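# Summary of structural features
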Amino acid sequence: MDSWVRFNSQSQAKERVIRAAQYACTLLGYTLHKGGVAADLHKTIRQLEAHMSLTRKLLRLGNSVEALESAKRAIHLSDSVLRLCLTISHLNRAMYFACDNVLWAGKTGIISKLDQKKWSQRSFRYYLFALILNLTRDLYELRLLIECEERNRASKRPSSPHPGAASMPADQLSSPSSSPVALTAPPLMLAGLRRQLHLLVTVLYSNPPLLLDLLKNSCDIFIPLDRLGIYPTGNGFVGLCGLASSILSILTIVHPWLKLKP
């Protein structure tokens, strides 16, 4: 099993490059169609996109085994939220790859009279569930890091009572119309929002793997949403999101330290 996983991982870089080229063709085809180019050129781009999609399906044969192995490792994580999200996500990925393999067999004629639309919709549903869980995991880790950063800042900040709060007269505290606290509430809220935004940017900047994974999953989720008709965005936006997420995936392969673990 381990040798198969190692062998399968060698084809992932090729699959990512072909995926980037496929979605680049999707974006190019949309641009050419909007520009009113010749129908023959647009048809050629669409055929090239279809061939790349079929090649990717061939390279993904057996990926279900790797996804199941990842699920077996995730089930032993100590954090209950990560354990739940990652285990179910990997199981959904395994089902997605299995449906994708059946779809490849139908497209190549190995399985005749296959309802390709039904199997395509089924695979995209599993893909969507996996992405939702991946985003949930990203947001959970982001919340943990923000809380940790807040604790670190609070420990370095000198403790002092709020200036002016203790010396404020009682009649001003009981009268909202004349209270300076009520007058300064909007600026305080804006300051709090700026502080939270600065905290978010600081955490993401200091954790590139989490930032890349969050961006990649955010781009990817629009693909099944469009294909399932839940949130149609059009081929142009799908091509752009697919190309962006593919480039981010290639970065994590070229630089393994950018891959979010576990």
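Let me begin by describing the structure that accompanies this report. (Residues numbered from 1 in each chain as written. Predicted model: local features only at pLDDT ≥ 70, side-chain atom pairs only at ≥ 80, totals over all residues. Heavy atoms only, no water.)

### Let's talk about the overall build of the protein chain
Using the following cut-off: Going along the chain from the N terminus, every DSSP run of H or I of four or more residues is numbered as a helix, and every run of E of two or more is numbered as a strand. Contacts are assigned to residue pairs that have any heavy atoms within 4.5 Å of one another.
Looking only at helices and strands, the protein chain features twelve helices and zero strands. Mapped from its N terminus to its C terminus, the protein chain presents α and β elements in the order α-α-α-α-α-α-α-α-α-α-α-α. Within the protein chain, counting contacts between residues at least 6 apart in sequence, those at least 24 apart form 74% of the total.

### Notes on unusual backbone geometry
Note the cis peptide between Lys-261 and Pro-262, where omega equals 5 degrees. Note on placement: Pro-262 falls in the segment after helix H12 (235-254).

### A short note on the nonpolar core
Nonpolar side chains tend to gather and get buried jointly when the protein is soluble and globular. Worth spelling out the cut-off: Each nonpolar core is a collection of buried residues, namely Ala, Val, Leu, Ile, Met, Phe, Trp, Tyr and Cys, held together in the definition by side-chain atoms within 4.5 Å. Summary of the burial criterion: residues with accessible area below 20% of their type's maximum are buried, those above 50% are exposed, and those between are partly exposed, where the area comes from a 1.4 Å probe applied to protein chains only.
Counting residues in each nonpolar core, the largest one holds 23 residues, and the members touching the most others are Phe-124, Tyr-127, Leu-128, Leu-142, Ile-146, Ile-221 and Ile-223. Looking at this core element by element, the count peaks at seven residues for helix H6 (residues 116-156).

### Regarding the pattern of salt bridges
Short version of the rule: Take a side-chain nitrogen of Lys or Arg and a carboxyl oxygen of Asp or Glu: if they are within 4 Å of each other, that pair is a salt bridge.
Across all of its chains, the model carries twelve salt bridges by this definition. Where Asp-220 meets Arg-19, a salt bridge forms, and the shortest distance between an N and an O atom there is 2.9 Å. Here Asp-220 is found in helix H10 (residues 208-220), whereas its partner Arg-19 is found in helix H2 (residues 12-35), with 201 residues between them in sequence. Overall, Arg-19 belongs to the buried group, its relative accessible area being 3%. One salt bridge in this structure joins Arg-153 and Glu-149, with 3.3 Å as the shortest N-O distance. Taken together, the residues Arg-153 and Glu-149, both in helix H6 and four residues apart, mark about one turn of the helix. Sharing partners across several salt bridges, the network here consists of Glu-15, Arg-16, Arg-56, Lys-57, Arg-60 and Asp-100.

### So, the packing of helix H5 (residues 80-107) against H6
The cut-off we apply is this: Here an angle of 0 to 180 degrees is reported between the N-to-C directions of two axes, which are lines fitted to C-alpha atoms, with helices fitted over the stretch in contact. An angle counts as roughly parallel when it lies under 35 degrees, as roughly antiparallel when it exceeds 145, as roughly perpendicular when it falls between 65 and 115, and as oblique in every other case. A clockwise turn of the near helix away from the far one marks a right-handed crossing, whereas an anticlockwise turn of less than a right angle marks a left-handed crossing. Gly is put with the polar residues, along with every residue not named as nonpolar or charged; the nonpolar set is Ala, Val, Leu, Ile, Met, Phe, Trp, Tyr, Cys and Pro, and the charged set is Asp, Glu, Lys and Arg.
It is the contact of H5 with H6, at a shortest axis distance of 8 Å, that shows an interaxial angle of 160 degrees. Classed by the angle they form, the pair H5 and H6 counts as roughly antiparallel. Crossing geometry of H5 relative to H6 is assigned as left-handed. Of the residues in the contact of H5 with H6, the class split is 17 nonpolar, eight polar and six charged.

### Describing the packing of H2 against helix H3 (residues 39-59)
Where H2 meets H3, the axes come as close as 9 Å, and the angle between the chain directions of the two elements is 160 degrees. Our classification of the angle between H2 and H3 gives roughly antiparallel. Taken as a pair, H2 and H3 cross one another with a handedness that is left-handed. Looking at the contact of H2 with H3, its residues break down into eleven nonpolar, seven polar and six charged.

### Observations regarding the side chain of Ser-123
For clarity, the cut-off: We call two N or O atoms a polar contact when they sit within 3.5 Å, provided that within protein one can donate a hydrogen and the other can accept it, with sequence-adjacent residues counted only if both atoms are side-chain atoms.
As for its placement among the helices and strands, Ser-123 is situated in helix H6. For Ser-123, the side chain forms a polar contact with the main-chain oxygen of Ser-120, separated by 2.7 Å. Aside from chain neighbours lying at most four places away, what touches Ser-123 is Tyr-96, Cys-99 and Asp-100.

### Brief notes about the packing of aromatic side chains
Stated precisely, the cut-off is as follows: For Phe, Tyr and Trp, where Trp contributes only its six-membered ring, two rings pair if their centres lie within 6.5 Å, and the inter-plane angle classes them as stacked under 30 degrees, edge-to-face over 60, or tilted in between.
All told, the structure shown has four aromatic pairs when counted by the stated rule. Each ring, one from Tyr-96 and one from Phe-97, has its centre 5.2 Å from the other, and the planes form 45 degrees; the classification is tilted. A relative accessible area of 11% means that Tyr-96 is categorised as buried. Consider the rings of Phe-222 and Phe-237, whose centres lie 5.1 Å apart with planes at 90 degrees: the pair is edge-to-face.

### So, H2
Here is the rule we go by: What a helix should span is 1.5 Å times the count of its residues minus one.
The end-to-end C-alpha distance of H2 is 34 Å, a good match for the 34 Å that 24 residues give at a rise of 1.5 Å each. Within H2, the full set of buried residues consists of Glu-15, Arg-16, Arg-19, Ala-20, Gln-22, Tyr-23, Cys-25, Thr-26, Gly-29 and Leu-32. Packed against the buried residues of H2 are H3, H6, H10, helix H11 (222-227) and H12. One or two residues past the end of H2 sits Gly-36, with phi positive at roughly 70 degrees.

### Some thoughts on the environment of Leu-91
Inspection of the secondary structure puts Leu-91 in helix H5. Judged by relative accessible area, Leu-91 falls into the partly exposed class, the value being 40%. When the C-alpha positions of Leu-91 and Ala-67 are compared, they lie 6.7 Å apart, and in sequence the two are 24 residues distant. The residues touching Leu-91, leaving out its near neighbours within four places in the chain, are Leu-68 and Ala-71.

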